[in-house]
Amino acid sequence: MQRGLLVLALFSLAVVICTSSYADEQNKHLKEEYAEVTCGSTIKLMHRSTSYYLHSHPVPYGGGSGQQSVTAYPLANDPNSLWTIVGASESEPCKRGATFKQGDRLRLMHVNTRRNLHTHPFPSPLSGQQEVSAYGEDGYGDDGDIWEVQLLKSKVWKRGESVRLFHSVTRKFLHSHASHRFMGNAVGGQQEVTAFPNKNSENVWYAEDGLYMSPLSG
């Protein structure tokens, strides 16, 4: 009886190990297949130095442009941190599944409000840098929504690898900083997001979780 139970336990353990190995191989395959950031993907963009997520919500700025505010948010499970990558404009679309190389241009559309990540020469509320907002209706905006991919390592934008987003019109970088956090209001505890003129460690981001489109073949 005891021998039979031992054989059964060993068989069960072997099944668990095999299943685990299969799952590991499947996860590895998925990570390799969706390693690149592609047009049409819906992503979370994380600030490298603080691990806060690029975030927006239907809360307007109290000053400046009065447009929808953009912040950096500390928790991973908020749907307001999801952004869909779309072409730079109607005349400059990107094909679903297309990858991004150095200097390629794009827009980030906030999933829940369908407004684009935007910047313009208004002062930001905390630091007085350049304000970043969410702008437009149903994905349509203007050239203040266009950002350029600046890669730090790879030739193609990949998940988990550092990237800067450079604003084509105002010549500034998407930026955040731990010393500029909102207190005691609708966005209390969240970090200010701005556009900043100089390259530094505070304008480095990376694509994290999300729904990634498989890259175009060939």
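Up top is the structure.
Residues numbered from 1 in each chain as written. Predicted model: local features only at pLDDT ≥ 70, side-chain atom pairs only at ≥ 80, totals over all residues. Heavy atoms only, no water.

> Got a sec to walk through the overall build of the protein chain? Specific residues and values, please.
Tallying secondary structure elements over the protein chain gives 1 helix and 12 strands in all. Helices (α) and strands (β) of the protein chain occur, in sequence order from the N terminus, as α-β-β-β-β-β-β-β-β-β-β-β-β. The 218 residues of the protein chain split such that 44% are buried. If you sum the accessible surface of the protein chain, you get close to 11300 Å²; carbon and sulfur atoms cover 55% of it. (Helix = DSSP H or I, 4+ residues; strand = E, 2+ residues; numbered from the N terminus. Buried < 20%, exposed > 50% of the residue type's maximum accessible area, 1.4 Å probe, protein only. Areas by Shrake-Rupley, 256 points an atom, 1.4 Å probe, with all protein chains shown as cover.)

> Please give an account of the pattern of salt bridges that cites residues and values.
Taken as a whole, this structure holds 2 salt bridges when the rule is applied. Arg-105 is the partner of Glu-92 in a salt bridge, and the nearest nitrogen-oxygen pair spans 2.8 Å. Of the two residues, Glu-92 sits in the loop between β4 (83-86) and β5 (105-110) while Arg-105 sits in strand β5, which places them 13 residues apart along the sequence. Judged by relative accessible area, which is 29%, Glu-92 ranks as partly exposed. Glu-137 is the salt-bridge partner of Arg-115, the closest N and O atoms lying 3.1 Å from each other. Here the residue Arg-115 occupies a position in the loop between β5 and β6 (116-123), and Glu-137 occupies one in the loop between β7 (130-135) and β8 (147-151), the gap between them amounting to 22 residues. A residue is classified by how much of its surface remains accessible, and Arg-115, at 25% relative accessible area, is partly exposed. On the basis of relative accessibility, which here comes to 55%, the residue Glu-137 falls in the exposed class. (Salt bridge = Lys/Arg side-chain N within 4 Å of Asp/Glu carboxyl O.)

> How would you explain the packing of aromatic side chains if you had to name every residue and give the values?
For the coordinates displayed, the defined rule picks out 2 aromatic pairs. Measuring from centroid to centroid gives 6.2 Å for Phe-100 and Trp-157, while their planes differ by 65 degrees, and the two rings are edge-to-face. You can see Phe-100 sitting in the loop between β4 and β5 and its partner Trp-157 sitting in the loop between β8 and β9 (163-167), a full 57 residues away along the chain. A relative accessible area of 0% places Trp-157 in the buried class. Relative to Phe-173, the ring of Phe-166 lies with its centre 4.9 Å away and its plane at 50 degrees, an arrangement referred to as tilted. The class for Phe-173 is buried, based on a relative accessible area of 5%. One residue, Lys-44, lies across the ring of Tyr-53, its end atom 5.8 Å from the ring centre. Lying across the ring of Tyr-212, Arg-159 places its NZ or CZ 4.1 Å from the centre. (Phe/Tyr/Trp six-rings, centres within 6.5 Å; stacked < 30°, edge-to-face > 60°. Lys NZ or Arg CZ within 6 Å of the ring centre and 35° of its normal.)

> Could you give an account of the state of the cysteines, with specific residues and numbers?
Evaluation of the coordinates by the stated rule reveals 1 disulfide. Between the sulfur atoms of Cys-39 and its disulfide mate Cys-94 the distance is 2.0 Å. Across the S-S bond linking Cys-39 and Cys-94, the dihedral sits near 65 degrees, which makes this disulfide right-handed. In this pair, Cys-39 is assigned in the loop between α1 (2-33) and β1 (42-47) and Cys-94 in the loop between β4 and β5, connecting sequence segments 55 residues apart. Look at Cys-39 and you get buried, because its relative accessible area is 4%. Residue Cys-94 is classed as partly exposed on the basis of its relative accessible area of 21%. (Disulfide = S-S within 2.5 Å.)

Honestly, it's all geometry; don't read function into it.
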